[in-house]
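# Geometric and topological summary
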Amino acid sequence: MKEDKLTQIAGQFIDIEQVDRVSPLGEGFINDTFLIYPKAEGQSKLLLQRKNKNIFINIPAMMENINLVTKHLKTKIKAQGGDPEREVLTLVTAKDGKFYYMDEADDYWTACLFIEPHQVIETVDNSSIAYSGGKGVGRFQAMLADFEGELTDILPGFHDIKFRFDQWDKVLAEDRVGRKAEVLEEIEWIESRRAEMLDYWKLVEEGQIPRRITHNDTKISNILFDLEGDVLCMIDLDTVSQSPASNDFGDAIRSYSNTAVEDEPDLSKVSMNLERYREFTRGYLEEAGSFLNEKELEYLPFSAKYITYEQVLRFLMDYIDGDRYYKTKSEDHNLVRTRSQYKLLQSMEEQYAEMQQLTKEFVS
Ligand code: GN1
Ligand code: MG
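These lines cover the structure that appears in this document, whether it is placed above or below.

So, how was this worked out
- Residues numbered from 1 in each chain as written.
- Chains lettered and ligands numbered in written order.
- Predicted model: local features only at pLDDT ≥ 70, side-chain atom pairs only at ≥ 80, totals over all residues.
- Heavy atoms only, no water.
- Salt bridge = Lys/Arg side-chain N within 4 Å of Asp/Glu carboxyl O.
- Buried < 20%, exposed > 50% of the residue type's maximum accessible area, 1.4 Å probe, protein only.
- Core = buried A, V, L, I, M, F, W, Y, C linked by side-chain atoms within 4.5 Å.
- Domains from an automatic or database assignment.
- Contact = heavy atoms within 4.5 Å.
- Helix = DSSP H or I, 4+ residues; strand = E, 2+ residues; numbered from the N terminus.
- Pairing = 2+ DSSP bridges.
- Near = heavy atom within 4 Å.
- Polar contact = N/O pair within 3.5 Å; in protein donor to acceptor, adjacent residues only side chain to side chain.
- Areas by Shrake-Rupley, 256 points an atom, 1.4 Å probe, with all protein chains shown as cover.
- Axes fitted to C-alpha atoms, helices over the stretch in contact; angles between N-to-C directions.
- Parallel < 35°, antiparallel > 145°, perpendicular 65-115°, else oblique.
- Left-handed = near helix turned anticlockwise from the far one by under 90°.
- Nonpolar A, V, L, I, M, F, W, Y, C, P; charged D, E, K, R; others polar.

### Topic: the pattern of salt bridges
- For the structure shown, the criterion picks out 30 salt bridges.
- Here Glu-262 makes a salt bridge to Arg-254, at a shortest N to O gap of 2.7 Å. We note that Glu-262, like Arg-254, is buried.
- Among the ionic pairs, Glu-310 bridges to Arg-314, the shortest N-O distance being 3.6 Å.

### Things to note about the nonpolar core
- Counting residues in each nonpolar core, the largest one holds 100 residues, and the members touching the most others are Trp-168, Tyr-256, Phe-280 and Tyr-284.
- Formed jointly, this core draws a minimum of three residues from each of two domains, domain 1 (3-116) and domain 2 (120-361).
- Discounting residues that sit within four places of it in the chain, Trp-168 has contacts with Ile-187, Ile-190, Glu-191, Arg-194, Leu-313, Leu-316, Met-317 and Ile-320.

### Observations concerning the pairing of strand β2 (residues 32-38)
- Counting buried positions along β2 yields five of seven residues, so the element is predominantly enclosed.
- Sheet topology note: the strand β1 (residues 19-24)/β2 ladder contains five bridges and is antiparallel. Paired with Ser-23 across the bridge in β2 is Leu-35.
- With five bridges joining them, β2 and strand β3 (residues 46-50) adopt antiparallel strand pairing.

### A closer look at the pairing of strand β9 (residues 231-234)
- Relative to β9, strand β8 (residues 223-225) is paired through three bridges, and the arrangement is antiparallel. Along β9, the bridge assignment pairs Leu-224 with Cys-233.
- Adjacent in sequence and paired antiparallel, β8 and β9 are bridged by five residues, among which Gly-229 carries a positive phi angle near 95°.

### What about the site of ligand 1?
- Around ligand 1 lies a shell of 15 residues, among which Lys-219, Glu-262, Gln-311, Arg-314 and Tyr-325 are the nearest.
- Asp-217 is positioned such that a nitrogen or oxygen atom in its side chain is 2.9 Å from an oxygen atom of ligand 1.
- Contact between ligand 1 and Lys-219: an oxygen atom at 2.7 Å from a side-chain N or O atom of the residue.
- Compared with its free state, where it exposes 450 Å², ligand 1 has 96% of that area covered by protein.
- Here the shell around ligand 1 gathers at least three residues from each of two domains, domain 1 (3-116) and domain 2 (120-361).

### Description of the packing of helix α8 (residues 245-256) against helix α11 (residues 300-320)
- Running from N to C, α8 and α11 point in directions that differ by 65°, and their axes come no closer than 7 Å. Classified by the interaxial angle, the pair formed by α8 and α11 is roughly perpendicular. Like other packed secondary-structure pairs, α8 and α11 cross with a definite hand, here right-handed. Contacts between α8 and α11 involve Ser-246, Asn-247, Phe-249, Gly-250, Asp-251, Ile-253 and Arg-254 from the first element and Leu-300, Pro-301, Ser-303, Ala-304, Tyr-306, Ile-307, Thr-308 and Gln-311 from the second.
- Residues that form the contact of α8 with α11 fall into these classes: seven nonpolar, six polar and two charged.

Take a look at the structure:
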């Protein structure tokens, strides 16, 4: 995208005379992200995003969710003597006071303060990061446990495997780019576990596992760490809504305990590291252990398999569907991701008894 167009959009969030430059940032799979550098020294940079309107069909409601949640979190952080501008995202409104700006192509742009200094971690190389991350995710949920408002369900069925199977069945029946025949083995990975996943989801439907306010996208790059490796702030709040708390736990384990990146093509590098599983769980339960019920606690290790399985399904489904959801860097990127996440799932299955044993250690 042209720099002058970006500058003009940045000018919706700060005085255009104050914009020095706007540059692309990061590698999100869904939105396009940029950084606005202001001319004035000492003034905060702004994170600018073009939200993916094909995926998020109600962006105003999504931004209102984020507004409500960040307000609640800021009150909590202030009461605890923390720094609400460093520990919680701060939305920046556009000139008209809205939390988004819609351009002439009907694209939605949003901005928030850029928190500095920080580090983004893609893979964990020591257990203390896993412990910090566990505390971060647990604390996020704990601070929202008394949130009383209603959030709009922005992506209905996001972590609901029944909904995913409906999508899956349709995509396979349609086979719109003719890729199904080349991935029959991978399809069987999904089918052979269908019943087990539906059994778990039944507990959610019956209310034995409740829905709470959750982040829903807790992979490690969606949390900022400070330079010492302590958790600073949960970011990418697009998916915040009501969902089982264990989904956040499971989704985090998917990245914190993986010995490789999520799209690692060399499968010999991919496995679940038990020590990191243990440390994440320890940190998480120090913060969240007091409000989770017995069923939720019992199913924590299962949720790691559940979310990893769901991720295998989503990557494979997108591959069969012709790569219409995730951004990809090569023709087989979604297939590489599928195989890599499946290797991780197998590693979890092999170590499942140990995962259950370790989790029990931290349940008081
Ligand atoms: C997407 O937005 P981002 O890149 O943090 C996706 C997650 C997946 C993740 C896989 C809204 O997350 O559900 O787990 O990619 N977000 C959405 O890396 O689909
Ligand atoms: Mg996201």
